[in-house]
Amino acid sequence: MERPIINFYRLFRFTGAFCLSLLFLASCNDDDNGGDPPSPAPTQNIVEIADGDDRFDTLVEAVIAAELNDDLSGTGPFTVFAPTDAAFDALIAATDGISSLEEISTASLIQILQYHVASGALLSSALEEGQTVPTLLTGETLTIGVNGNAVTVNGVNVVVADIEATNGVIHAVDQVLVPEGFVIVPTPKTIAEIASETESLSSLVAALGRVSSLSDAAGDETSTLTVFAPTNDAFAALLTTLTDATGNPFENLDDVPDYVLERVLQYHILGSAKTAEQLTDSEETLEGSSISVDGTTINGSVNVVDGSADIVASNGIVHVIDAVLVPEFILNSLGTVLEPAIFDAEGRFTTLVTAVERAELTGALTDDDATLTVFAPTNDAFAAYIDGSAFADASELLASDMLDDILLYHVLDATVLSSNIIAGSSSVPSFDINQDGISPEIYISNNGDDGIFLNGSSQVVAPDLEEANGVVHAINGVLVPPMNSITDIVAASAADADNPQFTLLLAALQNADDTDSDLVEVLRGNGPFTVFAPTDDAFIAAGFADADAIANADAATLRSILLYHVVSGAVFSTDLADGSVTTIGEEEFIVNVADPVTIADLNADNEDAEVTSVNILATNGVIHVINRVLLPE
């Protein structure tokens, strides 16, 4: 019975010793930690802790705006004296010209934040009275105050100390720390914002609002511009200078056509930011022409308003001026045949205006001593012409060597009102600007109530826009000066491998000679003639199967047939009327004006011809294409 007792005793001794050991260890740990359990190690960096603490929302916003979040998330260690939201609210309320954090410039924000950060992890227990701590803002230090458990920084209270992070420590402060003498600079406003907040520039704001490209540029932070900004009084004075297409002053800025307004505004803008000191004697504007600069005077008479130069914007410089700058091109057009095109309320002639500038014809059309008539194609007319031409777009036409000739072909060296255009058809020479005798004829058809037509196709849609040096008639087509004679047009078509319409007509002309005259040369001469030109299919249908058949035909018969297709004078489709027409062979055929136009010859067995294409202009007349050969009686 003794053994079990001994075992129990040993177990008691072992257990008691083990418990005493545990108590001793616990006692030792309590002594090491002052009685408190150990603090867990931090798991977030400074930025992450601030981002998760609603006391520091504004601070986090500022750090992100200043692009310091990556730096303060780095290895460190850092000590951050972190202003609370209330601290930032107090700073904003006390700063003139600032109503939100966004209105503090990025440069100022960076400096303020760097002034709150020191290197190293400085716990409050390590801080001493009078200690100075260098900040990340170069050359600046913070002064520490310690009074018992209270800690201050530059006299500002630390309200929460020792918020430990993986890369340092945060101490919350109840005011934003600002270096001595530091001035907070507001975020620069865009040019658009400056103008909209300046009462005397409200007219400029309204004008820019009508030109979206310029308004967008003025409000774009990435732009770099110089804007000479006219005052409201300057815009009011402009209305007494400019006149509408009929020569009357505009009543308000809204009446100025968009095209004119855009050109005027572009003339106030440079494509780079320049202070008054940086401006040169001549500066190219976005409008394409230059302004002259002499100190604070622009173009000799427009002045920068005192104290209103060098207004810095986030996207450039603004200089307020006391008058509106107007490009010479627009000023010189006033009272001339260019004015109706430039100042058209609907902007129908902008392509024409651009073409005139590109061709450098402004001087000729704005000559006060000139007496001109201008047939002005609309934008739609140019678009239709380009669609049917070899030009891919307007830019190709504007760059073409043909541009000068095309434009001059729309001008007469005399003032011709619609009331002076006689009924029927007539021709007048176009403007011979070089005085070299080269001035192709424009054929004018006055069909009374049906309208006035040029070269049989372009119609006058707005007549008699009178100016001091002439008159303008708006037209719905582009006039193209002829380059080839009737014979040359026929020969070119015969040589066209893709569409040889007149191979047999050319052969007939070449084989219809007699000793008196050569029809090929006749139709290359002065004229004018109107030729109703049968196609190859028309000759085949008439029994002339090929060129050999024509070569074997009787020359006198061919000549008689061909002369039956030629009328003296230029008779365009708009001149045709029901009835008989006398040919140069002194025969007659009958025209029936319908859809399509048909021609009946005097041969009862021959089918009527249809006119399939009209008004092919030559230097010596006009060609109409027909699908049957006309046979004289």
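Throughout this description, residue numbers start from 1 for each chain and increase along the sequence as written. Confidence filtering applies because this is a predicted model: local features only for residues at pLDDT of at least 70, side-chain atom pairs given and counted only at 80 or more, and all residues used for totals across whole chains, interfaces and linings. In computing side-chain properties, one takes all heavy atoms of the structure into account and sets aside hydrogens as well as water.

Draft legend 1. View of the packing of aromatic side chains. Centres within 6.5 Å are what make two rings of Phe, Tyr or Trp a pair, Trp counting through its six-membered ring; a difference in plane orientation under 30 degrees is then read as stacked, over 60 as edge-to-face, and the rest as tilted. Inspection of the entire model under this criterion finds six aromatic pairs. Clustering of aromatic rings is evident, with ring pairs tying together Phe532, Tyr564 and Phe589.

Draft legend 2. Region of the structure containing the nonpolar core. Among buried residues, the Ala, Val, Leu, Ile, Met, Phe, Trp, Tyr and Cys ones that are joined through side-chain atoms within 4.5 Å form a nonpolar core. Burial here depends on accessible area, computed with a 1.4 Å probe over protein chains only, as a share of the maximum for the residue type. Under 20% is buried, over 50% is exposed, and the range in between is partly exposed. Among the nonpolar cores identified, the biggest contains 68 residues, and Leu265, Ile330 and Ile342 are the most heavily contacted of them. Note on conventions: DSSP H or I runs of at least 4 residues are helices, E runs of at least 2 residues are strands, and numbering of each starts at the N terminus. The dominant element in this core, judged by the number of residues it contributes, is helix H11 (residues 258–266), at five residues. One finds Ala62, Val63, Val117 and Ile184 within the second-largest nonpolar core, a separate group that totals 33 residues.

Draft legend 3. Summary view of the sheet that holds strand S24 (residues 566–568). Spatially, S24-S23-S29-S28-S27-S26-S25 is the arrangement adopted by the seven strands of the open sheet, whose pairing is mixed. Looking along the sheet, the strands with just one partner apiece sit at the ends: S24 and strand S25 (579–582). Pairwise comparison of adjacent strand axes, ignoring direction, gives a mean angle of 35° for this sheet. Alignment of S25 against strand S26 (residues 588–592), held across four bridges, turns out to be antiparallel. Residue pairing across strands places serine 580 opposite isoleucine 590, the latter belonging to S26. For two strands to be treated as a pair, DSSP must find no fewer than two bridges joining them. As a rule, the C-alpha atoms of each element are fitted with a line to give its axis, helices using only the stretch in contact, and angles between N-to-C directions run from 0 to 180 degrees.

Draft legend 4. Quick peek at empty space enclosed by the protein. Every definition here rests on a 1 Å grid over the protein atoms only: cavities are sets of points where a 1.4 Å probe fits but cannot get out, pockets are open sets enclosed by protein on both sides within 12 Å along at least five of seven lines, and lining residues have some atom within 4 Å of a point. Grid points are joined across faces, edges and corners, and a volume is the space filled by probe spheres set on the points. Using the criterion set out here, one finds four cavities of 30 Å³ or more in the structure. Quantified by volume, the largest cavity comes out at close to 160 Å³. If you go around the largest cavity, you meet 19 residues; those closest to its centre are Leu352, Val356, Leu365, Val374 and Val411. Every element with two or more residues in the lining of the largest cavity is listed here: helix H14 (350–358), helix H15 (362–365), strand S16 (372–377) and helix H18 (403–408). With four residues, S16 is the single largest residue contributor to the lining of the largest cavity. When its residues are assigned to classes, the lining of the largest cavity shows 18 nonpolar, one polar and no charged. A volume near 70 Å³ is recorded for the second largest cavity. Basically, the charged four are Asp, Glu, Lys and Arg, the nonpolar ten are Ala, Val, Leu, Ile, Met, Phe, Trp, Tyr, Cys and Pro, and anything else, Gly included, counts as polar.

Draft legend 5. Broad picture of the sheet that holds strand S21 (residues 458–467). Taken in spatial order, the seven strands line up as S17-S16-S22-S21-S20-S19-S18 in an open sheet, and their pairing is mixed. In the strand order of this sheet, the two ends are held by strand S17 (411–412) and strand S18 (424–429), each with one partner. When strand S19 (residues 441–446) meets strand S20 (residues 452–454), the two strands line up antiparallel, connected through three bridges. If you follow serine 445 over to S20, its bridge partner there is phenylalanine 453.

Draft legend 6. A look at helix H16 (residues 379–387). Every buried residue belonging to H16 is among Ala381, Phe382, Tyr385 and Ile386, and all of these are buried. Within H16, the buried residues cover an arc of 130° as seen down the axis, which keeps them to one side. Of the exposed residues in H16, those oriented more than 90 degrees away from the buried face are Asp380, Ala384 and Asp387. Of the surrounding elements, those touching the buried residues of H16 are H14, S16, helix H17 (394–398), H18 and strand S22 (470–475). When we speak of the arc, we mean the arc of directions from the helix axis to the C-beta atoms. Contact definition: two residues touch when any of their heavy atoms are within 4.5 Å.

Draft legend 7. Molecular detail of the side chain of serine 485. Relative to the helices and strands, serine 485 is located in the loop between S22 and helix H19 (486–494). In protein, a polar contact requires one atom able to donate a hydrogen and another able to accept it; more generally it is a pair of N or O atoms within 3.5 Å, and residues adjacent in sequence count only if both atoms are side-chain atoms. A distance of 3.1 Å separates the side chain of serine 485 from the side chain of aspartate 488, its partner in a polar contact.

Draft legend 8. Quick look at the environment of aspartate 548. One can find aspartate 548 in helix H23 (residues 547–551). Expressed as a C-alpha distance, the spacing of aspartate 548 and glycine 579, which sit 31 residues apart in the sequence, is 36 Å.

Draft legend 9. Main features of a negative patch on the surface. Residues enter a patch when their relative accessible area is above 30% and they make no salt bridge; the linking distance is 9 Å between like charges and 5 Å between nonpolar side chains (Val, Leu, Ile, Met, Phe, Trp, Tyr). Residue-level accessible areas treat just the shown protein chains as cover; the underlying method is Shrake-Rupley with a 1.4 Å probe. Here a salt bridge means any side-chain nitrogen of Lys or Arg lying within 4 Å of a carboxyl oxygen belonging to Asp or Glu. Positive charges come from Lys and Arg, negative ones from Asp and Glu, while His and the chain ends are left out of the count. Just so you know, the charge point we use is NZ for Lys, CZ for Arg, CG for Asp and CD for Glu. The grouping of Glu48, Asp51, Asp54, Asp57, Glu61 and Glu102 at the surface amounts to a negative patch. Sorting the residues of the negative patch by element identifies helix H2 (46–51) and helix H3 (57–65) as the ones contributing at least two each. Mapped onto the secondary structure, aspartate 54 falls in the loop between H2 and H3.

Draft legend 10. Layout of the packing of H3 against helix H6 (residues 106–114). With their axes 9 Å apart at the nearest point, H3 and H6 run at an angle of 120° to one another. Judged on the interaxial angle alone, H6 and H3 are oblique. Of the two possible hands of crossing, H3 and H6 adopt the one that is left-handed. Two secondary-structure elements touch here, H3 through Leu59, Ala62, Val63 and Ala65 and H6 through Thr106, Leu109 and Leu113. Considering only residue class, the contact of H3 with H6 consists of six nonpolar, one polar and no charged. Angle categories: roughly parallel below 35 degrees, roughly antiparallel above 145, roughly perpendicular from 65 to 115, and oblique for all the rest. In this scheme, a crossing is called left-handed if the near helix is turned counterclockwise away from the far one by less than a right angle; it is called right-handed if the turn is clockwise.

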